[in-house]
Amino acid sequence: MKDASGVACGGTGAEREGMKPTNPDTTAPHLVAPAAYPLTAWFLGPHAENAVPWRELLEHLFTDYVHWRRNYFPSDPWIVGRVTRRSEEHEAWYDWLTSHLDVILGELKYHFPLHSPRYNAHMTSELSLPGVLGWFAGLLYNPNNVTNEVAPITVQLELEVGRMISAMLGYNPRTSFAHICSGGTLANLEALWVARAVQFAPFAAREYCRAHNIAYRIRTANGRERPITEVDDRTLVALRPHEAAAVLRNLVASLTGSGRPLDVVSAELTAAMATSPYNLARKGLGAILARTGLRPVVFVSASAHYSMAKACNVLGYGEDALRLVPVNHRFQMDVDALRGMIAALAPEEYIAAVVGIVGTTEEGAVDPIHELRFLRDELERTEDRSFWLHVDGAWGGYLRALFGGLAVPHVPHGAGLERVCEEYAKALDLREKFEVDVSTGHPDLRTLEVHWGDHGTIAALLAVADGDSTTVDPHKMGYVPYPAGVVAFRHGAVTEFVTQRAQYISDEKGGIGSFESGKIAGFGPYILEGSKPGAAALACWLAHRTIPLTVDGHGKIVRTTLLSARRLWRLLTYHQHLFDRFEAERDVPGKSRPFTFIPIAEPETNLVCFVARPMVWDEGKMEAGAVPLAEINRLSRAVYDSASIPGSRSHQKPSAVQPFFVSRTQFEERQYTAESLAELLERLGVSPEEYRKEGLFVLRSTTMNPWHGEAERAGIDYLFEFVRFLHTVAAEAMDS
Ligand SMILES: *Cc1c(COP(=O)(O)O)cnc(C)c1O
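These numbers were taken from a predicted model, which means no experiment stands behind them.

Engineer: Give me the lowdown on the sheet that holds strand S12 (residues 595-599), citing residues and values where you can.
Structural biologist: One open sheet accounts for four strands, arranged S12-S13-S17-S16; its pairing is antiparallel. Edge strands, defined here as strands with exactly one partner in the open sheet, are S12 and strand S16 (663-667). Here the average twist between neighbouring strands, direction ignored, is 35 degrees. Direction of pairing for S12 relative to strand S13 (residues 607-614): antiparallel, over a ladder of five bridges. Looking at the pairing, phenylalanine 597 lines up with alanine 612 of S13. Against the sheet, helix H21 (residues 554-573) touches S12, S13 and strand S17 (696-702), its axis set at about 10 degrees to S13. Running over the sheet, helix H23 (residues 629-642) touches S12, S13, S16 and S17 and is turned about 125 degrees from S13.

Engineer: Give a detailed account of a positive patch on the surface, specifying residues and quantitative values.
Structural biologist: On the surface, Arg70, Arg82, Arg85 and Arg86 cluster together into a positively charged patch. Tracing the backbone through its elements, the reader meets arginine 85 in helix H4 (residues 82-85).

Engineer: Describe unusual backbone geometry, and please don't skip the residues or the numbers.
Structural biologist: Between tyrosine 482 and the following residue, proline 483, the backbone shows a cis peptide bond with an omega angle of -10 degrees. Within the element layout of this structure, proline 483 appears in the loop between strand S10 (469-472) and strand S11 (485-489). Even without glycine at this site, alanine 48 takes up a positive phi of about 55 degrees. Even without a glycine there, the phi angle at asparagine 142 is positive, about 50 degrees. Turning to its location among the elements, asparagine 142 is positioned in the loop between helix H6 (129-141) and helix H7 (154-169). A relative accessible area of 58% means that asparagine 142 is categorised as exposed.

Engineer: Requested: an account of the sheet that holds strand S6 (residues 349-357), with residues and values cited.
Structural biologist: In spatial order, the strands read S1-S11-S10-S7-S6-S4-S5; together these seven strands make up an open sheet with mixed pairing. In this open sheet, the two edge strands, each paired with only one partner strand, are strand S1 (177-181) and strand S5 (322-325). With direction set aside, neighbouring strand axes in the sheet form an average angle of 20 degrees. Relative to S5, strand S4 (residues 295-301) runs parallel, the two being bridged by four bridges. Pairing of phenylalanine 299 across the sheet is with arginine 323, part of S5.

Engineer: Mind laying out the packing of aromatic side chains, listing which residues take part and the relevant values?
Structural biologist: Scanning the entire structure with this criterion turns up 25 aromatic pairs. Ring geometry for phenylalanine 200 and phenylalanine 203: centres 5.2 Å apart, planes at 50 degrees, overall tilted. Of this pair, phenylalanine 200 and phenylalanine 203 are both found in helix H8 (residues 184-212), three residues apart, which corresponds to roughly one turn of the helix. The rings of Phe579, Phe595, Phe597, Phe610 and Trp617 are connected pair by pair, giving a single aromatic cluster. Taking the ring centre of phenylalanine 387 as reference, the NZ or CZ of arginine 376 above it sits at 5.8 Å.

Thresholds applied
- Residues numbered from 1 in each chain as written.
- Predicted model: local features only at pLDDT ≥ 70, side-chain atom pairs only at ≥ 80, totals over all residues.
- Heavy atoms only, no water.
- Pairing = 2+ DSSP bridges.
- Helix = DSSP H or I, 4+ residues; strand = E, 2+ residues; numbered from the N terminus.
- Axes fitted to C-alpha atoms, helices over the stretch in contact; angles between N-to-C directions.
- Contact = heavy atoms within 4.5 Å.
- Patch = residues over 30% accessible without salt bridge, like charges linked within 9 Å, V, L, I, M, F, W, Y side chains within 5 Å.
- Areas by Shrake-Rupley, 256 points an atom, 1.4 Å probe, with all protein chains shown as cover.
- Salt bridge = Lys/Arg side-chain N within 4 Å of Asp/Glu carboxyl O.
- Lys, Arg positive; Asp, Glu negative; His and termini not counted.
- Charge placed at Lys NZ, Arg CZ, Asp CG, Glu CD.
- Buried < 20%, exposed > 50% of the residue type's maximum accessible area, 1.4 Å probe, protein only.
- Phe/Tyr/Trp six-rings, centres within 6.5 Å; stacked < 30°, edge-to-face > 60°.
- Lys NZ or Arg CZ within 6 Å of the ring centre and 35° of its normal.

Next up, the structure:
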């Protein structure tokens, strides 16, 4: 079989030649890790402070690459000689190229300064040096990880990156399978694609057993064994995911165990699978749903990223299959509401997946993954129904670096859970005290304190290990260049059901064994995508090797960003006390009409969402007063306009003159009902009716820039300055 790039899949050229791809894990055992991992070394820096080592290393890798070319058959003639290189045409063409490049380099100065601690807007920031070096190296050699025939080294690196990410998530790196893809959207799609394939595999097995009168027994979700031929559709589609994945393999084992030769069983089953009306890949979902009358439902919170709707669309579920579960006041999925929605499913509806989000795109909220698992345990016991639990950690997956090496494999119920979370909160000790000056004359310092370590959040992060699949985006909190997402499967064998070669039949021991080091020949047959950059694997590998996914490595970045969010949140809630000071510092006569900033919730990760709200003076004190929502939205929108440059207008305003950046979002009744926002609406003094009519304009800040903590030591508190800036632009909007 050939893939789209015309490269044959399957055979491994390197193995045929007797050359084993090297595994850097084992080829450099003498490398000694440094005594410490200094965050200040990892990024270029707001002023390109680390430019010297960057230049040196970039030049080093290019020079090294040139040597490699020169030394590959050095006695071959030079094709482009000095005379040609110096010819007029050459010179002219290089000038032509350079002038184009310069045009674009000039244009790029209008690009947003994503690296800057002044940029607190979208989910993007600095790039790590190893991430960039890895990409450059990959770029030059240009491996295609679709197959190791064009990527002998980087396929191995990608497998290793998969193991590093799996270990970070708490999966067993030897039995899980994770790989790089273009991003969270693809990762979510692939996870649900594999889930779909796993769910219907037992149907083909049941059909085969019925046709051949085979008394093969399977374990249904409640753990009891029953002959597969007697299991109804609704129960069969709701097996525990790893049981469903094992059905065919176990069937082969049971048939060969009763004395029939493997090749005969294989041939028979292969033929049966090929023509089975339940062969999902061949017949399509529509045919199977029509045959069984089943209807898929995917549960995800109202905060879902829109890639979930895309996935339902592409997989043939239809976007109506997506059921949005209401959120609580912290924008976490309301698991009781989910329980109710599951109980209310029609008899023909089945759960195609439950998706828990770790780090919602808008609010950075973390769904209670542990409670989703408890709910699943409960459904298995009481209803003989399980479900595929997918964790969308595109944003927050890297928070697991906080637990690097420490994670408990199974989150316990009840008091045990409390104790575990308490221990982690203590061990992490994520807290910070800082002073702010509220005075308009003599210094008047107040000490504020922030800390991170909510037990619910910790429990949810620990329970990521119990999901069946997880999405993580290295190009977000991994600080590597686009495009790099990762999808990880706890039981690697599940991906057999989407492979282009059916290993579960042809090789009893196949499947996951083939993913173990060195045995897979490329990713093409196992995943959604085809040609894919080995450079992404190199970038992730170098980044995670040199900034390990532990609390002393990558966890340092995570820590600083979590504290930044808390600090920003604290400063915004403290704004009323800073009002007079900021006003005194504004170079205008008199005081602005009163206003303040109201965070929508205490941030769980490193995103802060807030609203700018006009207030009233009441005997010199700032009070909420009655303010129409339209006025609140107007003020927030004015702040946004002054703290952003719309992409389409960026040429009228070079980013260099924009001191701070913020992003925004809009809450609407169809996403978040007025009931789920009740607590927020009350704090804002907004009636549900007003909200339903107008929606709520929300300012949104990602605090993922790694420099905030360091900058403060260098004498500038960007988060404080950011709040001062927000004050100034809001005051101007109030005055106008
Ligand atoms: C960003 C994000 C995605 C989509 O990831 P891309 O890399 O942009 O495709 C999915 N889910 C969540 C929660 C995200 O934050």
